[in-house]
Amino acid sequence: MKKVLLYLSILTLCGIWRCEFDFPTLPKLPKKWDSKVIIPALNQSYSIADLIYKNTGDSIFADTSGNLFYFAVDSFPNAISIADSFWTLPSFQDSSEIEMTKHVRINPNQSVKTFQFSIRRKTDDSKALIKTGLIDNQSGANVNRLFFSVSLTDTFPNDVRVSVAFRNFKNASDGTLLRDTLTLAVDSLFRQTEIDVSNDSLVRMNGHSIIDSLQFDITVEVQGTLTVPISSLSQYLSVKIGVAPIHLDNFYGTVFASGEHATQLFYNSPSGAENIVFDSASVRLIIDDPANDFTNIWTTISGEKFGEPDSSLDSVFVLSTDTLLVQIPDVISNLPDSIRFGVKASLPDDWFSAGQILNQNIGFKYEISAPLIFTLPPVVYIAAADPTTFFIADSSTRSNITKAQNGAEMDIFIENRSPFHGSLYMLIGNFPFFPTDTTQAINGFAWADSAWFHFGADTQIVVVDTLASVEFTKATYKDGELIQPGKSSQVYLSSPTAIALMEDSCYIEPVFRFVNSDSVQTGLKSDQSIRLKTYLNLLFDPVAMSQSWKDTTDSE
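Note that the coordinates shown come from a computational prediction; the quantities given were computed from them, not determined experimentally.

**A closer look at the nonpolar core**
Right, so step 1: Core analysis: the biggest nonpolar cluster contains 116 residues, and F169, F216 and M426 have the highest contact counts within it.
Right, so step 2: Beyond its immediate stretch of four places on either side in the chain, F169 contacts I135, L146, T176, L177, L178, V197, S201, L202, V203, L214, F216 and I246.

This is how it looks when you write it as structure tokens:
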């Protein structure tokens, strides 16, 4: 399956940065200053699609009207087959601990009342649903065995008799329910036994249509009359039930083809997307059952964030046709790292035998479509797809930036052809890496000692500062069409600490703070963009300058 990377499909829709920008203060200008270097910083138009969906490959499309939508398709069906061990019930162990003082009660004749409880374990329903079956004739410590043990935390003044009824197991010879009993004599703390169930029957309980769980009913009897007050009891009784794998010779029920379709991956979708609401998002499921073998097909679609299981949202349904269009706005709206498709299809009820080879399988593929029409949170941060790279070629220029610069004037012009308004932050850094929090690690960078480090030939700390912070105006739209772009211009004084990062190679990245204060519906179109024209007029203290130079600045 083609794995599509959707970076800010989702950063913009929700990527509310978990960090605060370090807004610069105005530099204190010296009594005398001179300007020798003017650097054209940016002259670029950023399309909304580029800003929001960087690194997405070809998964963002525009229709004939220019409306953008996200589309992902797996054109090759993933064959989901029947497991080759559908006749086996897996092993398990379970236990229950009883505080005796809370359960021991006295009859009028001073004998102790019997009390009961149950241990129940849900069976694995991913391979088969069984109504009745015959256990095969294998025996031994590792197969077709039931284990039963009882223990006390301290000696008890009376014998304690513990019985278990294995509600889903019947003796094949006489059809009676399997039972067993262990007695803890006075001063005895532990007893155990095991039962061979080879050739016995596996049955459903009364009122149950299938064997959806294994149940073990426990009865506890304290023998004789209690010789001490109930309030003085401090013992805990532990009952453990174990089941070795149960191999069936044959059974009546149904068998499943089941599995998880290859995951549709997104790329590091950030947290904080709970308030995004898509107007529509859908998936078309195409099922290939060439021999019409299966009676029902269940599908689960979930949106999941890695390491955050509570953020999953599911759509669960039964397919009645071989092609089905399902609305999944909830699955998309939690802006997942991945969308997962779980499929389970059942054969008709019948008798099935151990070792039987079932060649039936089911093919499954999907098409996801999400028109990019949604309601944004009040504030959204979007970073430019790629930072602009600068390299100061002239060594004299680099030297004087280090010792003589005193900030800069940054002349900024913004033409806004998008439905957003807000603020622009011009960030400068010494690496093409502008992390937003401690989870944003990429190859070559790591968080250590409360800072980001680049581990290359020389380990260096990652430094990011703010060159400018300006507002940009809202464009005029009518019926979704641009009437007039919003135009803004401002000269901003950048601080010396930010300009100091230009002493060698440096990187500048625009970050847009989009405001949606009215929580209005937003639609993205291919012609929406924001154009930036900026240059830096570097300010220097002539007293600190050692020599003059010519402008040899190079940028790309």
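Read on, since the account is not over.
**A look at unusual backbone geometry**
Right, so step 1: The phi torsion at Q110 lies on the positive side, around 75 degrees, for a residue other than glycine.
Right, so step 2: Mapping Q110 onto the fold places it in the loop between helix 3 (100-103) and strand 6 (115-122).

**Brief notes about the environment of W87**
Right, so step 1: Structurally, W87 can be placed in the loop between strand 3 (68-81) and strand 4 (88-89).
Right, so step 2: For W87 and L129, which are 42 residues apart along the polypeptide, the C-alpha to C-alpha distance reads 9.9 Å.
Right, so step 3: If we ignore the near neighbours within four places in the chain, the residues touching W87 are I246, H247, L248, F251, S353, A354, G355 and Q356.

**Regarding the sheet that holds strand 5 (residues 92-99)**
Right, so step 1: Reading across the sheet, the four strands line up as 5-14-8-11 and stay open at both edges, with antiparallel pairing between neighbours. Edge strands, defined here as strands with exactly one partner in the open sheet, are strand 5 and strand 11 (190-196). Adjacent strand axes in the sheet meet at a mean angle of 10 degrees, parallel and antiparallel pairs treated alike.
Right, so step 2: Bridge analysis of strand 8 (residues 145-152) against strand 11 gives seven bridges, and the strand direction is antiparallel. Residue pairing in the sheet places F148 in a bridge with T193 of strand 11.

**Description of empty space enclosed by the protein**
Right, so step 1: Scanning all chains against the criterion turns up two cavities of 30 Å³ or more.
Right, so step 2: For the largest cavity, the calculated volume is near 130 Å³.
Right, so step 3: Forming the boundary of the largest cavity are F86, T88, L89, P90, T123, D124, K127, A128, I130, L202 and I211.
Right, so step 4: Where the lining of the largest cavity is concerned, the elements lending two or more residues are strand 4 and strand 7 (128-135).
Right, so step 5: Class assignment for the residues of the lining of the largest cavity results in seven nonpolar, two polar and two charged.

**Examining the pattern of salt bridges**
Right, so step 1: Per the stated rule, a full pass over the model turns up 13 salt bridges.
Right, so step 2: Here D196 makes a salt bridge to R145, at a shortest N to O gap of 3.3 Å. Here R145 lies in strand 8 and D196 lies in strand 11, a separation of 51 residues in the sequence.
Right, so step 3: For D196, a relative accessible area of 34% gives the class partly exposed.
Right, so step 4: Look at R145 and you get buried, because its relative accessible area is 14%.
Right, so step 5: Note that R161 and E221 form a salt bridge whose closest N and O atoms lie 2.9 Å from each other. Remark: E221 occurs in strand 13 (residues 213-222) and R161 occurs in strand 9 (residues 160-170); sequence separation between them is 60 residues.
Right, so step 6: Looking at E221, the relative accessible area reads 24%, which means it is partly exposed.
Right, so step 7: Salt bridges sharing partners connect three or more residues here, namely K122, D125 and K344.

**Re the sheet that holds strand 35 (residues 486-494)**
Right, so step 1: Within the open sheet, the four strands sit side by side as 1-38-27-35. Their pairing is antiparallel. Every interior strand has two partners, whereas the edge strands, strand 1 (38-47) and strand 35, have only one. Here the strands of the sheet are splayed against their neighbours by 10 degrees on average, with no regard to which way each runs.
Right, so step 2: Alignment of strand 1 against strand 38 (residues 529-540), held across nine bridges, turns out to be antiparallel.

**Quick notes on helix 5 (residues 395-403)**
Right, so step 1: Restricting attention to buried positions, one finds in helix 5 the residues S396, T397, N400 and I401. Taken end-on, helix 5 shows its buried residues confined to a sector of 135 degrees, consistent with a single buried face.

Rules behind the numbers
Residues numbered from 1 in each chain as written. Predicted model: local features only at pLDDT ≥ 70, side-chain atom pairs only at ≥ 80, totals over all residues. Heavy atoms only, no water. Core = buried A, V, L, I, M, F, W, Y, C linked by side-chain atoms within 4.5 Å. Buried < 20%, exposed > 50% of the residue type's maximum accessible area, 1.4 Å probe, protein only. Contact = heavy atoms within 4.5 Å. Helix = DSSP H or I, 4+ residues; strand = E, 2+ residues; numbered from the N terminus. Pairing = 2+ DSSP bridges. Axes fitted to C-alpha atoms, helices over the stretch in contact; angles between N-to-C directions. 1 Å grid on protein atoms, 1.4 Å probe; cavity = no way out; pocket = protein on both sides within 12 Å on 5 of 7 lines; lining within 4 Å. Points joined across faces, edges and corners; volume = space filled by probe spheres on them. Nonpolar A, V, L, I, M, F, W, Y, C, P; charged D, E, K, R; others polar. Salt bridge = Lys/Arg side-chain N within 4 Å of Asp/Glu carboxyl O. Arc of directions from axis to C-beta.

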